[in-house]
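# Summary of the model geometry
Here is how the chains run, residue by residue.
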Amino acid sequence: MSFTLVERANSRSYSLVPTPGESSITLQYLMTWSSASTQPSEGQILAAAGTPPSRISSTVYSGDPYLKTMVIREVSIEPVRERQNAWIVTHRASTRNGSLLSQTDGSYCTCTRATVVRSVAMYRKDAALPASGTVVFASGADIAGTKVDTNGKPKVYDVPQQLVTIETQYDRTLTAASPAAEPLWSVYTSYVGNRNSAVFLGFPIGTLLYQGFQTAPEDNYYRMSHTFLYDAWYHLDQIPAPNPTGEPVLVAGVTIGGIPILQVDKVVYLQRYDTLSAFSGILAAADLTALTSPKPLAIA
């Protein structure tokens, strides 16, 4: 005694939306029980109809790479009232791997940006910034520029910054034979506090700092957000050369309203984020393509 499931003719329907929305397929089957003299138990009926989450039947995807990503999310079972031991079984399966007609690789990448500022101590105005923001603090030369401090007290300057958040998704289901690799958690973590070693999303070398990631599961996917911070000063700080007591070394400076003012003698740059890295280890080429080449193309 056994169950038989046969897909009903012309019962298949699709609902397609862009990534990361949920595209779905609905399948209907006629399920029958082989014995006319015995009744199957409720447990047997439920087990034979299929349980979510599971993959759709191989007779449905038939080698199609997109349909292989579909996962059954919902199963409904209704008895055929005019026939003994027969049921209409409906499977609703879905995927977030793009659209059947377009992004079949499942690539999804979006970018949000917001302007912020970093308030810093400014001893010199219009001082030249070192290439890529790389400096050696111990042997740094005076940064030059116009002195703006008064008796060693710096001015407060708001350095323009840009907070950049890039969102991607990752399929966390298992392959047929072995578990899929988890996202590169340790690699992402190793980038925290690193600046870009190459132009990235249009930001000059050394200006973009990786601050970290955040992730949460959604269905059988991870929704991941990577946060970067652009800084117009390459994340540098101006540090005055100190005397033995730790106070800035002061020398005669400008005269304001007839009163001579002392000003800091030497100022150097301090770079707290010395390491430069290629952020290609964070975002795959397909992710960047999805970000920089949005679909659909405009109509000429």
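Here is what the cut-offs are and how they apply
Residues numbered from 1 in each chain as written. Predicted model: local features only at pLDDT ≥ 70, side-chain atom pairs only at ≥ 80, totals over all residues. Heavy atoms only, no water. Helix = DSSP H or I, 4+ residues; strand = E, 2+ residues; numbered from the N terminus. Rg over C-alpha atoms; globule rule 2.2 N^0.38 Å. Buried < 20%, exposed > 50% of the residue type's maximum accessible area, 1.4 Å probe, protein only. Contact = heavy atoms within 4.5 Å. Areas by Shrake-Rupley, 256 points an atom, 1.4 Å probe, with all protein chains shown as cover. Lys, Arg positive; Asp, Glu negative; His and termini not counted. Charge placed at Lys NZ, Arg CZ, Asp CG, Glu CD. Salt bridge = Lys/Arg side-chain N within 4 Å of Asp/Glu carboxyl O. Phe/Tyr/Trp six-rings, centres within 6.5 Å; stacked < 30°, edge-to-face > 60°.

## Section: the overall build of the chain
Regarding its fold elements, the chain presents four helices and 18 strands. The C-alpha atoms of the chain give 31 Å as radius of gyration, which overshoots the globular expectation for 300 residues (19 Å, by more than 25%). Within the chain, buried positions represent 37% of all 300 residues. For the chain, restricting intrachain contacts to residue pairs at least 6 apart in sequence, the fraction spanning at least 24 positions comes to 70%. With an accessible surface of roughly 16,400 Å², the chain has 56% of that area assigned to carbon and sulfur atoms. Here the chain carries 22 positive and 23 negative side-chain charges, and the mean point of each set is 2 Å from the other.

## Observations concerning the pattern of salt bridges
In this structure the tally under the stated criterion is twelve salt bridges. Here E218 ties to R223 by a salt bridge, and the two come within 2.7 Å at their closest N and O atoms. Residue E218 is classed as partly exposed on the basis of its relative accessible area of 26%. By relative accessible area, which is 21% here, R223 ends up partly exposed. A salt bridge links R272 to D237; the nearest nitrogen and oxygen atoms lie 3.5 Å apart. In this pair, R272 sits in the loop between β17 (267-271) and β18 (276-277) while D237 sits in strand β14 (residues 236-240), placing the two residues 35 residues apart along the sequence. Since its relative accessible area comes to 18%, D237 is described here as buried. When salt bridges that share partners are traced, they join R96, E167, E218, D219 and R223 into one network.

## A few points about the packing of aromatic side chains
Taken as a whole and judged by the stated rule, the model has 15 aromatic pairs. Between F3 and W33, the ring centres sit 4.7 Å apart and the planes meet at 50°, which makes this aromatic pair tilted. Taken as a pair, F3 in strand β1 (residues 3-7) and W33 in strand β3 (residues 23-33) lie far apart in primary sequence, 30 residues in all. Under the relative-accessibility criterion, W33 is labelled buried at 11%. Centroid distance F200 to F228: 5.6 Å. Interplanar angle 40°. Geometry classified as tilted. Placement of the pair is F200 in the loop between β11 (195-196) and β12 (208-218) and F228 in strand β13 (residues 221-231), with a sequence separation of 28 residues. You'll find F200 and F228 in the same group, each marked buried.

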